[in-house]
Amino acid sequence: MSHHIVEVKNLRHVYPDGTPALRDISFRITHGESVAIIGANGAGKSTLLLHLNGYLAPTSGEIRIGDFPMSKATLPDIRRTVGMVFQDPDDQLFMPTVYDDVAFGPMNLGMPGPDVEARVRDALQRVGAGHLQEKAPYHLSGGEKKRVAIATVLSMSPDILVMDEPTNGLDPFARRQLMGLLKDFHHTKIFTSHDLDMVLELCERTIILNEGAVKADGPTREIFRDEALLAGCRLEKPLSMQGCPVCGK
Amino acid sequence: MLSIDGVLLDFKRLDSLATGDSAIHRLDPRAKVLVTLVFIVTVVSFGRYELTAMVPFFIFPAVIIGLGNLPAGYIARKVALLCPFALIVAIFNPVFDREVLVQLGPLAVTGGWISCASIVVRAALTVGAAIILLAVTGFPAICRALERLGMPQAFAVQLLFLYRYIFVLTEEGGRVSRARALRSYGNRGLGMKAYGSLLGNLLLRTWLRAERIHMAMLARGFTGEFHTRREFRFGGRELVYFLGWSALFITLRLQNAPRLLGALVTGISR
Amino acid sequence: MHMADALLSPAVGGTMWAASAGTIAYCSAKVRSELDDRKVPLMGVLGAFLFAAQMINFTIPATGSSGHLGGGLLLAILLGPHAAFLTIASVLVVQALFFADGGLLALGCNIFNMGFFPAFVAYPFVYKKLLGNNPSRMRLTTATLIAAVVGLQLGPFGVVLETFFSGISALPFATFAILMQPIHLAIGIVEGVVTVAVVSFVYKARPEILQGALAARPIDNHPLRNVLLAFLAVAILTGGGISLFASKNPDGLEWAIAKVTGNEELAGPRQGVHGALAAIQEKSAFLPDYSFKKPAEPKDRVGDPAPEKKNEAEDDLGTSMAGIVGTLLTLALAFISGFILKKRNKAV
Ligand SMILES: Nc1ncnc2c1ncn2[C@@H]1O[C@H](COP(=O)(O)OP(=O)(O)O)[C@@H](O)[C@H]1O
Ligand SMILES: [Mg+2]
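Only a predicted model underlies this, so the values are computations on that prediction, with no experimental measurement involved.

The rules behind each value
Residues numbered from 1 in each chain as written. Chains lettered and ligands numbered in written order. Predicted model: local features only at pLDDT ≥ 70, side-chain atom pairs only at ≥ 80, totals over all residues. Heavy atoms only, no water. Helix = DSSP H or I, 4+ residues; strand = E, 2+ residues; numbered from the N terminus. Buried < 20%, exposed > 50% of the residue type's maximum accessible area, 1.4 Å probe, protein only. Expected span 1.5 Å × (residues − 1). Pairing = 2+ DSSP bridges. Contact = heavy atoms within 4.5 Å. Axes fitted to C-alpha atoms, helices over the stretch in contact; angles between N-to-C directions. Phe/Tyr/Trp six-rings, centres within 6.5 Å; stacked < 30°, edge-to-face > 60°. Lys NZ or Arg CZ within 6 Å of the ring centre and 35° of its normal.

Before going further, it helps to spend a moment on the overall build of chain C. Counting its regular elements, chain C contains 14 helices and two strands. Here chain C holds 348 residues, and the buried ones make up 55% of them.

So, in structure tokens, the structure goes:
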């Protein structure tokens with residue numbers, strides 16, 4: 001299915017205040033791939049993701065999602081295709097209850113009531129949050145919030161899942177739980193993260209951004225072995241690939 | 001001074017009361033909102049020297065607390081906290097109104113004192129009714145009920161958003177004000193200059209948050225219309241609840257029950 | 001300066017509710033027609049900001065007391081009057097429900113006092129007018145300061161008027177006004193200074209926010225006049241309707257006016273201090289000479305407050321005792337029934 005393809009060509013973005021956040025970015029992600037976009041703070045990761053569902057418009061360059069080139073006319077389709085999970089779940093969960101939040105997308109798509117209900121139930125089940133349905137978002141723990149935030153997107157049946165720093169701020173247990181969850185999705189997945197151990201586990205491919213440009217793009221293991229490259233981009237080998245501090249191996 | 005963290009806790013407590021599951025909780029919120037309105041209007045419609053006739057109205061909060069399984073102590077404390085404010089405004093009455101209205105043996109009670117007590121009782125009743133409504137209904141449901149009763153949707157949505165982000169922003173506000181307190185020794189740093197930039201900062205972050213929320217809404221197909229579940233049902237139970245209480249309130253408004261009862265019990269009548 | 005339920009008569013409370021509800025309906029329609037869906041989350045979050053900000057205090061120089069932001073004018077500057085009014089109203093609704101700030105009946109008054117005056121008077125007629133077309137920093141500061149003071153003089157004056165017309169408090173009009181206005185002059189100046197500080201902070205960090213706010217929507221006077229007219233109509237209708245009812249009832253408006261202004265002892269010195277009140281004083285002379293010993297006529301209706309009062313005054317100790325015993329009994333009955341219900345509830 002060409003549906004699940006993300007193609008970015010010579011993308012540049014300059015913020016209104018003159019900050020050049022992205023300079024000439026190109027890549028192509030195909031169906032079912034799981035890709036990490038990593039880079040130091042301010043490298044342009046979030047800016048890049050915001051282009052993928054059309055919130056920001058490129059200063060120049062081109063983006064294609066599946067069969068559609070990004071344009072005003074295709075925006076609704078693109079937003080349905082690309083499910084975007086934002087960094088802070090408090091930004092994503094704005095309705096009074098978990099149910100309302102997960103139903104928000106399907107209702108905006110104009111689905112009939114029973115369908116919406118089925119979707120909501122299904123999405124919550126998939127993230128293991130069925131029991132939270134009637135809770136208010138401010139009564140949830142960090143991990144629960146994150147999972148519900150993912151459900152709000154899943155309920156729209158996206159083909160491509162885009163997440164900005166999914167494990168940020170989670171405790172080890174919740175992080176582990178979330179990783180298990182993400183592993184089970186057979187969507188095309190694109191993450192940004194500083195959690196390189198997670199990247200190592202979940203993504204076979206990694207793109208490094210540095211100061212708004214693609215510095216490397218390849219298999220995750222290979223990239224993480226290149227210490228000079230990582231250091232040059234203000235990054236560090238994931239702990240699981242570093243030697244053991246006790247025995248030195 | 002209200003501590004910002006205390007406020008947040010209080011909020012969460014009240015909010016979680018509304019998740020209870022009792023016959024009262026299950027009623028259509030519209031019925032509860034309407035009954036509360038009738039209650040408040042009848043209570044405030046009493047004259048300024050009315051005291052005894054208002055007392056039977058305590059039956060309403062008492063019954064709802066009972067049926068709704070609410071923590072009576074907590075609600076009483078919340079109401080009691082407000083009485084000082086009512087007293088502050090009421091305390092002028094005894095000063096300006098010294099006409100003796102009731103002679104209790106050696107004790108002469110002036111109109112001022114009666115109206116002062118009346119203000120306090122009035123405040124306790126109305127405040128109590130509002131808090132109880134919240135505790136058995138929950139704020140979001142009240143908003144939806146009001147929307148169904150004719151409140152403009154834009155305002156209902158505004159209330160829901162506000163309520164949602166009060167939890168986030170009071171936490172954020174608590175953090176910045178704690179950070180300020182920790183770094184201002186004595187009173188320095190608590191002045192207006194620091195306050196301006198502290199609030200400015202908070203405001204900017206809030207603004208950015210609004211932009212992110214808007215993004216998240218657009219990403220899920222928001223086009224300016226809000227669709228919500230329509231699950232309310234104003235059925236027979238609601239009708240009985242509404243009519244029953246309203247009838248009681250109006251009767252109690254027209255008949256001074258304590259006086260009748262007192263006359264009956266003590267055998268003293270005019 | 002929250003108006004309180006306890007001070008409010010149903011007539012005044014109802015009138016102000018109608019006025020505020022009308023303005024909310026008007027602003028909702030207006031905001032909807034602007035079709036700027038960015039505003040939906042923005043208003044909500046800024047309301048939450050205001051709520052939080054009002055709980056953060058600062059010390060007022062040289063006094064040692066502390067204050068906090070009111071925020072009405074700030075929101076009007078950031079959001080424009082219609083969205084600002086809705087936002088302020090929503091914050092007041094939450095405060096009334098959760099903290100009983102003022103109370104539910106007084107909510108209409110509070111929304112009007114703290115929402116309408118800053119958003120629809122201070123902002124368009126003072127701030128905007130003083131600001132002119134290309135504001136300098138100095139101008140921005142002056143305009144903000146003066147607008148804040150105006151808003152915070154009108155609000156409390158609203159409280160004074162509403163209290164006066166309700167007639168529940170025995171506090172005379174002039175005394176109350178003399179108490180309220182100067183305090184709020186100080187509060188207004190502080191509010192102005194804080195608003196200036198916040199606005200200039202934002203201006204430095206993200207000028208486009210304010211430029212957007214400054215450039216957009218020059219207020220045309222037309223819709224505003226409509227609001228005022230609609231408000232007036234609603235106020236007259238409801239006020240007229242309710243006070244018609246109230247005037248049959250000696251505890252209503254007229255009686256209150258008579259009571260507050262007709263009190264000779266208090267009126268004397270007051271006239272010397274406040275010439276402005278002479279008009280009201282004069283008017284009160286036309287009203288029948290009500291007094292405590294001679295309440296107005298109707299005695300036939302059962303439970304009417306005035307005969308009730310009269311009865312209490314004239315009755316002997318016995319009746320009072322009966323009243324007290326009955327009251328205590330009723331109270332006990334109320335609580336016992338609640339208690340039993342609760343017990344039963346737990347058992348089920
Ligand atoms: N709204 C904005 N206006 C101006 N500059 C911005 C804005 N958002 C981000 N930037 C700048 O763009 C660059 C990339 O930011 P971002 O994409 O958030 O980085 P990352 O997510 O990788 O940490 C940074 O230099 C940042 O300061
Ligand atoms: Mg980022």
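Okay, helix α6 (residues 137–166) of chain C next. In a regular helix each residue adds 1.5 Å, so 30 residues correspond to 44 Å; α6 of chain C covers 44 Å between its end C-alpha atoms and thus fits that length. At the exit of α6 of chain C stands G167 of chain C, carrying a positive phi of roughly 70°.

All names here are of chain A. Taken together, the four strands give an open sheet; going across it, the order is β2-β1-β4-β5, and neighbouring strands pair in antiparallel fashion. In this open sheet, the two edge strands, each paired with only one partner strand, are β2 (20–29) and β5 (68–69). Helix-sheet contacts for helix α1 (residues 45–52) involve β1 (6–14), β2 and β4 (60–65), and the interaxial angle to β1 is about 120°.

Looking now at the packing of aromatic side chains. The full count for this structure, using the stated rule, is 37 aromatic pairs over all chains. With a centroid separation of 5.6 Å and 85° between ring planes, the pair formed by F46 of chain B and F57 of chain B is classed as edge-to-face. One end of the pair, F46 of chain B, is in the loop between α3 (29–44) and α4 (59–67); the other, F57 of chain B, is in the loop between α3 and α4, and 11 residues separate them in sequence. A ring pair is formed by F116 of chain C and F117 of chain C, whose centres lie 6.2 Å apart and whose planes are at 80°; its orientation type is edge-to-face. Accessibility expressed as a relative area gives 14% for F117 of chain C, which makes it buried. Among the aromatic residues, ring-to-ring pairing joins Y138 of chain A, F11, F139, Y163 and F167 of chain B together with F51, F98 and F99 of chain C into one connected group. In this arrangement the basic side chain of R164 of chain B is found over the ring face of Y165 of chain B, its NZ or CZ atom lying 4.9 Å from the centre. Across the ring face of F46 of chain B, the terminal group of R253 of chain B is positioned such that the distance to the ring centre comes to 4.4 Å.

Our focus in this paragraph is the pairing of β4 of chain A. Residue and element names in this part refer to chain A. With five bridges connecting them, β1 and β4 associate as antiparallel partners. Bridge pairing links E7 to R64 in β4. Note that β4 and β5 share two bridges and pair antiparallel. When the bridges of β5 are listed, R64 appears paired with P69. Following β4, the chain reverses through two residues before pairing antiparallel with β5; G66 in that reversal takes a positive phi of roughly 60°.

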